Amino acid sequence: MQSLKRLVTSRRRDSLIRCSRNLSSLPINYSADDLPDQVLVEGKASSRIAILNRPSALNALNTNIGARLHELYASWENDPNVGFVVMKGSGRAFCAGGDIVALYHLINEGKIEECKDFFRTLYSFIYHLGTYLKPHVAILNGITMGGGAGISIPGTFRIATGRTVFATPETQIGFHPDAGASFHLSRLPGHLGEYLGLTGEKLSGAEMISCGLATHFSHTEKLPLIEEELGNLVTDDPSVIESTLEKYSDVAYPEKISALHRIEVLDKCFGHDTVEEIIDSMESEASATNDVWCISTLKKLKQASPLSLKVSLRSIREGISKQISNDFCEGVRAQVVDKDFAPEWEPPSLEKVSNDMVDQYFAPLSESEPNLVLPTKQREAFN
């Protein structure tokens, strides 16, 4: 049986991570004074720990953090004394994604190049992590959303806990799942990826391990023991690391109300070709059963940006998106800034979202717009 070590070193040949080329779900306001401390580093026997350290902002990502992570990971990859890398977050979140409020203000101030620089930096790091030559352990003890999934799921191991809350909530703020989401959502069982991407519904740690988004589940109180034992390891062998994680792993089952227990209905409704058909199917199911889950799912679909729904469905099923609409600023304004929770989407309904509007998100960039250049020849991607 091929060892995990060979599997990790061969993943560069036979895997692809689809990083979106231009815009994500993400930067938060920060002062120059706290920049050096936004990523803390701990050195262990043969490992390094990167600690996202913006607890008051739920460890939201900004350009500085993305650049610092990329710099650290590149240096550790080239350091023969470093066998593997661990990433975790400070406070009650692993990483809540990107600072959408800061991005909202940058767009309104016309600072589009700063926005692009953020996403370019983040996507470059995600690609680097997805092709990393050393084992990687992400400890997802808390909120893990949007870009937080992007900087963890491409790695070797993901530890979920009873405190883990996963989501890709972008359609609710007029955007679409990005930062590699079209890759990992499209590979979930059945049509679970479409369900998560379109509704923004949350998953628990138990649900993450059940559907494959996490590789291990451990109770939160065991994390200090896990970190201590990982810190004592002198290895670059993923099978040794996995043995340690397995030693402290716990069995976890999704609650009865979990969508994973409704996978048959979920597949039936979210397996349709268009958003309109998906909503029609959900309406029929809700009408026939009066089921609370069906009604809640239908409500989330109808609250989301119509354009974001169509772009998200297509990106999960086939591609990479490149643009941002005015719905993003309107969604952030309504949900996070003004908090009136009454976004005025444009277009306001699914029937007014034309195919041309959706196609724009998948069209080649203009000659004046540089593509995101990834080192695909030097670092082969996932499939």
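Computed from a predicted model, the values in this text were never measured in an experiment.

Draft legend 1. Up close: the packing of aromatic side chains. Under the definition given, this model contains seven aromatic pairs. Between Tyr195 and Trp293 the ring centres are 5.6 Å apart and the planes differ by 40 degrees, which places this aromatic pair in the tilted class. Remark: Trp293 occurs in helix H13 (residues 292–303) and Tyr195 occurs in helix H7 (residues 192–199); sequence separation between them is 98 residues. Residue Tyr195 is classed as buried on the basis of its relative accessible area of 2%. By relative accessible area, which is 10% here, Trp293 ends up buried. Three or more aromatic residues link up through ring pairs in this structure, and these residues are Tyr73, Trp76, Phe125 and Tyr132.

Draft legend 2. View of the sheet that holds strand S7 (residues 157–160). Across the sheet, six strands lie side by side as S1-S2-S3-S5-S7-S10; this open sheet has mixed pairing. Whereas interior strands pair on both sides, the edge strands pair on one side only; in this sheet they are strand S1 (39–43) and strand S10 (216–217). Bridge analysis of strand S2 (residues 47–52) against strand S3 (residues 84–89) gives six bridges, and the strand direction is parallel. Each residue of the ladder has a partner; that of Ala50, found in S3, is Met87. The sheet contacts of helix H2 (residues 63–77) involve S1, S2, S3 and strand S5 (136–140), and relative to S2 the element is tilted by about 180 degrees.

Draft legend 3. Here's a closer look at the confidence of the model for the protein chain. Scored by pLDDT, the protein chain has a mean of 83; 81% of the residues are at 70 or more. Confidence drops under pLDDT 50 across residues 1–33; counting only partners more than four residues distant or on other chains, this segment forms 127 contacts.

Draft legend 4. The nonpolar core, seen in detail. If you look at the biggest cluster of nonpolar residues, it comprises 67 residues, and the most contacted ones within it are Leu69, Tyr73, Ile151 and Phe270. For this core, the element with the highest residue contribution is helix H4 (residues 112–130), accounting for eight residues. Aside from chain neighbours lying at most four places away, what touches Phe270 is His191, Glu194, Tyr195, Leu198, Thr199, Ile278, Met282, Thr297, Leu301 and Arg317. Ranked by size, the runner-up nonpolar core spans 15 residues in total, among them Val137, Ile226, Ile241 and Leu245.

Draft legend 5. Inspection of the environment of Ala179 at higher detail. For Ala179, the location among the structural elements is in the loop between strand S8 (165–167) and helix H6 (181–185). Along the backbone, Ala179 and Phe125 are 54 residues apart, and their C-alpha atoms lie at a distance of 10.0 Å.

Draft legend 6. Looking closely at the pairing of S3. Counting buried positions along S3 yields five of six residues, so the element is predominantly enclosed. Handedness of the crossover joining S2 and S3 through H2 is recorded here as right-handed. Of the strand pairs in this sheet, S3 and S5 are connected by three bridges, and their pairing is parallel. Residue Val86 lies in a different strand from S5, and its bridge partner there is Val137.

Cut-off values and rules
Residues numbered from 1 in each chain as written. Predicted model: local features only at pLDDT ≥ 70, side-chain atom pairs only at ≥ 80, totals over all residues. Heavy atoms only, no water. Phe/Tyr/Trp six-rings, centres within 6.5 Å; stacked < 30°, edge-to-face > 60°. Helix = DSSP H or I, 4+ residues; strand = E, 2+ residues; numbered from the N terminus. Buried < 20%, exposed > 50% of the residue type's maximum accessible area, 1.4 Å probe, protein only. Pairing = 2+ DSSP bridges. Contact = heavy atoms within 4.5 Å. Axes fitted to C-alpha atoms, helices over the stretch in contact; angles between N-to-C directions. pLDDT = per-residue confidence, 0-100. Core = buried A, V, L, I, M, F, W, Y, C linked by side-chain atoms within 4.5 Å. Right-handed = clockwise from strand over helix to strand, strands pointing away.

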